[in-house]
Amino acid sequence: MNASTHHAPLAERLLVEWVCHREEAAGHPAPAGPADATAMEQGGSFAARLHLRALRLPGSDVALAQIERTLFAGRVMITVLLLFSTMAGAFAASAALDAAASVSLPLILFALVGINLLMLALWVLMQVVRAPGASWLVAVWTGVVRRIASRGEGENHAGLDAIRLLAQRWRVGAVVHAAWLSYALAGLVTLALLLILRRYELSWQTTLLDADGLRHLAAVLSLVPRLLGAPGPEVLALVEPFTDADRRGWAQWILLAVLAYGVLPRAVALLVCLAMLQPAGALEASALNRPGHARLRERLMPDRRAVGVVDADRAPQSVNAQAGISPCALPDAPLHGVAVEWPQARPPASARWKWFAHVDDTASRDEVAKFLRGESSDGLVLVLRATATPDRGLARASAALIAAARAPAWVALGDLDALEARGAEACAQRLSDWRALAAQAGAQHGLLGFDAKQGVLSALTEKSA
Amino acid sequence: MNAPPIQLAVVGHTNTGKTSLLRTLTRDVRFGEVCDRPATTRDVSAVELLVGEQSLIRLFDTPGLEDPIGLQGWLALRAQEAADPVARIESFLRSDHDGGRYEQEAKVLRQLRRSDAALVVIDAREPLLAKHREELRLLAECGRPLLPVLNFVADPAAQTGPWREGLARIGLHVLADFDTVVFDHAAEQRLFDKIGLLLEARAAQLTIFSRYRAQQREALIDAACRQIAGLLIDAAALQWRVPNEPSSDLTRLQSVVRHAEQRCVNDLLALFRFELDAFDPPPLPLDQGRWKLDPFDPEALRLLGIRTGSAVAAGAAAGVSIDAMLGGASLGAGALLGAGAGTAFSLYRSHGRRWIDGLRGYRALMIEEETLALLAARQIALLHALLRRGHAATQAVRTGIVSGWPLPELRDAVLRARAHPEWSALNGAQDAASSEEARASLVDLLGRHVRGSGPAAP
């Protein structure tokens, strides 16, 4: 949509929902860079951005025009329906009063109110069982839109989708109630005019009921009109002879009865439907969570913004640098062993160990280095947890100890089970890093396995290696 | 609100999950590089967390500290600033960092000095060692509030007790448990609350952000439930009218459902911003489904009532215009006629058409209830798993073995759709308006179930 023309809020909202449905059906949002960019530039709430994006999508001007034509057709349909309903009400009232002799009051009431109330009761029942609304209205509307659609628009007509979106039960209900309300109002007005302009012989006619039965019927029908101030059978004569006061009283009664039983219930139902309808101009908050909208949230309303690198790396890679090592078997002579940053490593149980210490902080590191410098040794084994991260600190501590020992050195890794539990790929990567650390620290004779519980050294198993 | 963003440096020993924390807090699986190796992050990178268009928090990902003991030793030699730790750090930052030996550490400390506070990420699976204590002392000397964040607390190997004790001994009593792999929304809320404790002047800003995150979470759950409800209704209402002769329709029907489920999974992953290849569901055991019309089935009778009512309304409204065209002489007879016609049409749509189809040698293919139960259970299990998945997780999503309806009300709501083929988008056409209320009630049901049952254990 490239034009900046102002469109009806309802048409624009329908376009947004139509786009949402189309993208949900496609399984992904449409790739619409310029529309997205415009929505981002505009800013505002997520709903506002969705709205603008929909308006800017390619082809949305055509879709919007189709929706507006559909809405126009719908309005014309409703106008015609209301007109016909009004005429029906007027004709029904005039037909009911068009009697040569006396006119039956219950018959007038039934003509103007009976079917109306019955249909209203059915509508209420449908709301209880949550049945959908009047499909004939939708079918007629769809037929009209298809007929006025241009050749080639076919099933891709946005207006047809708009009808499906609009055909909510409250909206359809509102139209139906409006039609019945106009029927009842037209009947009431016609009735009032005729009663003002002509003289009718109103009467309570019956063939089946006796005098008491007729009185009871009149009393029951007068229950609600009495609340509106209408006189009832207790003050008005039910049978001949009628006075002028009786005639005027029954004329007022029939008008108030039509108002009470025909107009007011439909007016209330219409108000309920209108109250339940969504506001036409804006998307509801819950509608924003529709899958078609929600997937656009990251694109149109990102909740993060990458700033990028603010302090670039200049230091050389340290521990990860690859260096060669020459695996070599352990000598038979007793060895010096140092557990580095592994306080839980058990003291050695094997006679192979000549001495075993723990190194953790600066003081212990200096003390052990001092000891190693004063001792002659056939080999030094640094014992580390395989799951520890082979960082520069460990590399430097290991290098310092190996330098102090001035003897062949190995790095023995314990806790290998825990490392293997991380998966073969992670295990292989970590062992590769340990080899790099061993080489960098000067432990040229490679890696060994270490059983922390037994304090026993072994070659790395094939699984670990 | 025009306050500048809160600047938070994410620091810690190497390979403790700093970038992982950033990924999870930003919901961005592509942020930085995550690898179980030292020195994976070597630059200082920044990312802002937005509420609307306002940047409220700026997070800095920093390289890991690797040799705090060595650096403390080097700093100890510079006795002239020993009385003022911050001056000592500033002096170090102005130096050549021992000829580049402590370049990475300098980056971390420099960024911390520029920030309002730091989140110190700790791998709770690691034992508390002297180097960690030295590291925390070094960071504390920068003169900025520190909030230790215990990562991987959901791992059985986590040693949270010793860490809490150890951190308390060096004066760090406020800390947060936050696993970057096994996500916990409440833990994230607590994390921001605790940052607010350290940065009292910025607490209002953090509260706004925290509330926004909670709203986003609710919206995410709602959107996910809508996605699942859509799949369940589409699958339950799926119905094909096919000839009785053997054909490939059954295979095609199964394929359509499989495709729909995969699309639902893809949409869920996209909603949660995970990679599309993060979940590979096992094959769906779809079986042959055939509609068996039972006129005494309570569900069928209930359906009949609904259809009758709905059609009466349509016909009755049609009667108004018939009345008018007859000039009012019928006095509502047209309305009654219309109501009767509507009822007949409704009966035909609900049952008559199927009877006629049966006589003409056609049958209706549908999805069996067991398969629908499986679809429901699997999507809900996936949703639970995604709600508990941090954006730092690199393993594929696992939901375990699921079967049966997660709750009886869900079964009733889904099975109701079997009688409404017009509700299913998989049938080629969709009557959005008529299915909207069924979808909404299913979304409501799913939402209450997901929120009520709480996150599943990983």
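Report follows, based on the coordinates. Everything numeric here is computed off the predicted structure, so don't read it as measured data. (Residues numbered from 1 in each chain as written. Chains lettered and ligands numbered in written order. Predicted model: local features only at pLDDT ≥ 70, side-chain atom pairs only at ≥ 80, totals over all residues. Heavy atoms only, no water.)

Overview of the packing of helix 5 (residues 105–128) of chain A against helix 11 (residues 244–276) of chain A
Residues and elements named next belong to chain A.
- The N-to-C vectors of helix 5 and helix 11 enclose an angle of 15°; their axes lie 10 Å apart at closest approach. The angle between helix 5 and helix 11 places the two elements in the roughly parallel class. With respect to the hand of their crossing, helix 5 and helix 11 are arranged in left-handed fashion. Between helix 5 and helix 11, the residues in contact are Leu-105, Ile-108, Leu-109, Leu-112, Val-113, Asn-116, Leu-117, Met-119, Leu-120 and Trp-123 and Trp-250, Trp-253, Ile-254, Ala-257, Val-258, Tyr-261, Gly-262, Pro-265, Arg-266, Ala-269 and Cys-273, respectively.
- Tallied by class, the residues present in the contact of helix 5 with helix 11 amount to 18 nonpolar, 2 polar and 1 charged. (Axes fitted to C-alpha atoms, helices over the stretch in contact; angles between N-to-C directions. Helix = DSSP H or I, 4+ residues; strand = E, 2+ residues; numbered from the N terminus. Parallel < 35°, antiparallel > 145°, perpendicular 65-115°, else oblique. Left-handed = near helix turned anticlockwise from the far one by under 90°. Contact = heavy atoms within 4.5 Å. Nonpolar A, V, L, I, M, F, W, Y, C, P; charged D, E, K, R; others polar.)

Let's talk about the environment of Thr180(B)
- One can find Thr180(B) in the loop between strand 6 (176–177) and helix 8 (185–198).
- In this structure Thr180(B) comes out as buried when scored by relative accessible area, which is 1%. (Buried < 20%, exposed > 50% of the residue type's maximum accessible area, 1.4 Å probe, protein only.)

Let's talk about the sheet that holds strand 7 (residues 409–414) of chain A
All names here are of chain A.
- The mixed open sheet is built from 6 strands, whose spatial order is 5-4-6-7-8-9. Of all strands in the sheet, those bounded by a partner on one side alone are strand 5 (353–359) and strand 9 (456–458). Direction aside, the axes of adjacent strands within the sheet are offset by 30° on average.
- The pairing of strand 6 (residues 380–385) with strand 7 spans 6 bridges and is parallel. From the neighbouring strand, Val-381 faces strand 7, where its bridge partner is Trp-410.
- Sheet strands touched by helix 13 (residues 362–374): strand 4 (335–340), strand 5 and strand 6. Its angle to strand 5, the strand with the most contacts, is close to 155°. (Pairing = 2+ DSSP bridges.)

A short note on helix 3 (residues 46–56) of chain A
- Where helix 3 of chain A is concerned, the buried positions are Phe46(A), Arg49(A), Leu50(A), Leu52(A), Arg53(A), Ala54(A) and Leu55(A).
- Buried residues along helix 3 of chain A sit against helix 1 (9–26), helix 2 (33–42), helix 4 (60–97) and helix 12 (291–300) of chain A.

Here we look at the sheet that holds strand 5 (residues 146–151) of chain B
- Ordered in space as 3(A)-2(B)-3(B)-1(B)-4(B)-5(B)-6(B), the 7 strands form an open sheet in which the pairing is mixed. For this open sheet the edge positions go to strand 3 (304–311) of chain A together with strand 6 of chain B, each flanked by a neighbour on one side alone.
- Where strand 1 (residues 6–12) of chain B and strand 3 (residues 54–61) of chain B come together, 5 bridges link them in parallel fashion. Bridging from a neighbouring strand, Val10(B) pairs with Asp61(B) of strand 3 of chain B.

From the geometry alone we can't say anything about function, so treat these as descriptive.
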